[in-house]
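Observations on chain architecture
Now for the letters of each chain:
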Amino acid sequence: MAPRILVVDDEPHIRDVICFALERASLTSTAARNGVEAMAVFRRGNVDLIILDIGMPDMDGLEVCRQIRKTSGLPILFLSARDEEIDRVLGLEIGGDDYVTKPFSPRELVARVKAILKRSCNEVGPGRHATLVAGELSLDRRGRTVMFGESTIAMTALEFAILDALLSRPDMVFSREQLMEAAYGAGTYVADRTIDSHIRNIRAKFLVAGGSAIIATVHGIGFKLGIESGRKG
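Report follows, based on the coordinates. (Residues numbered from 1 in each chain as written. Predicted model: local features only at pLDDT ≥ 70, side-chain atom pairs only at ≥ 80, totals over all residues. Heavy atoms only, no water.)

Now for the sheet that holds strand E5 (residues 98–101). Backbone hydrogen bonds are what pair the strands of a sheet, in a parallel or an antiparallel way. Taken in spatial order, the five strands of this open sheet run E2-E1-E3-E4-E5, and their pairing is parallel. Strand pairing shows two members of the sheet lacking a second neighbour, strand E2 (28–32) and E5, which therefore form its edges. Each strand axis lies, on average, 20° off the axis of its neighbour in the sheet, ignoring direction. Inspection of the sheet shows strand E1 (residues 4–8) paired to E2 by five bridges, in the parallel sense. Within E2, the residue paired with arginine 4 across the bridge is threonine 28. Of the strands in this sheet, strand E3 (49–53) and strand E4 (76–80) are in contact with helix H3 (residues 61–69), which crosses E4 at around 170°. (Pairing = 2+ DSSP bridges. Helix = DSSP H or I, 4+ residues; strand = E, 2+ residues; numbered from the N terminus. Axes fitted to C-alpha atoms, helices over the stretch in contact; angles between N-to-C directions. Contact = heavy atoms within 4.5 Å.)

Let us look at H3. Every buried residue of H3 is listed here: Gly61, Leu62, Val64, Cys65, Ile68 and Arg69. For H3, the angular spread of the buried residues around the axis is 160°, confining them to a single face. Near the N-terminus of H3, the side chain that reaches the backbone nitrogen of leucine 62, with its oxygen 3.2 Å away, is that of aspartate 60. (Buried < 20%, exposed > 50% of the residue type's maximum accessible area, 1.4 Å probe, protein only. Arc of directions from axis to C-beta. Polar contact = N/O pair within 3.5 Å; in protein donor to acceptor, adjacent residues only side chain to side chain.)

With that settled, the discussion passes to unusual backbone geometry. The residue after lysine 102, namely proline 103, is reached through a cis peptide bond having omega -10°. Mapped onto the fold, proline 103 is located in the loop between E5 and helix H5 (106–120). At asparagine 46, a residue that is not glycine, the phi angle is positive and equals roughly 65°. With respect to the helices and strands, the residue asparagine 46 is situated in the loop between helix H2 (35–44) and E3.

Here the focus is the environment of alanine 182. Position of alanine 182 among the secondary structure elements: in helix H7 (residues 176–184). Apart from residues lying up to four places away in sequence, alanine 182 is in contact with Arg119, Ala161 and Ala165.

Before going further, it helps to examine the nonpolar core. In this structure, Ile51, Leu163 and Phe206 are the most contacted members of the largest nonpolar core, which totals 50 residues. Setting aside its immediate chain neighbours within four residues, isoleucine 51 contacts Ile5, Leu6, Val7, Val8, Ile18, Leu22, Leu77, Leu79, Leu109 and Val113. (Core = buried A, V, L, I, M, F, W, Y, C linked by side-chain atoms within 4.5 Å.)

Next up, the structure:
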């Protein structure tokens with residue numbers, strides 16, 4: 001079955017352009033005109049990713065994301081008419097997976113969607129361990145779950161991909177560019193602050209569960225796993 005994308009924007013032309021581009025890429029689309037409609041579609045299920053406009057009246061995209069993140073790690077790609085860093089960082093820090101500024105290239109938007117969906121799949125390829133373990137931290141690639149002790153840690157698709165990369169090479173120091181490639185795939189550019197926002201989110205989630213120093217900063221280079229790692233499965 002083709003992945004199902006919910007497109008949320010208060011501008012009919014934008015919705016039509018995005019849905020047409022998605023359908024041409026063999027993705028199934030559903031449109032919502034505002035945040036209230038988006039929440040209704042989300043609650044019915046049957047959605048694999050949301051393209052979510054920030055600047056909507058009544059219930060904006062940031063509030064929709066906050067509500068969804070209370071119960072779900074469903075991938076969310078933000079759209080915004082303003083290329084302001086504060087919007088981008090806030091969107092990512094409340095749980096967005098990616099951010100595209102209007103006006104945008106439909107081809108690039110579809111590429112970003114596919115990159116996120118690829119990281120959301122449950123496949124474990126040959127030679128890849130199904131479960132990665134570091135201290136009390138465990139990551140299950142098949143089940144797409146992350147545990148710390150007895151606590152389940154909700155991860156967005158890109159947070160999961162970043163943590164997966166760090167656990168896969170526990171002794172390696174990753175540059176931001178390498179983490180971008182691990183999360184978004186080769187050939188996709190995102191700002192350094194995007195990766196920093198994802199790292200802050202991951203750290204904050206583990207801190208709530210009683211874990212600290214999950215990801216260490218190596219100044220001038222990037223990031224590495226902050227605890228000893230082993231593998232099983």
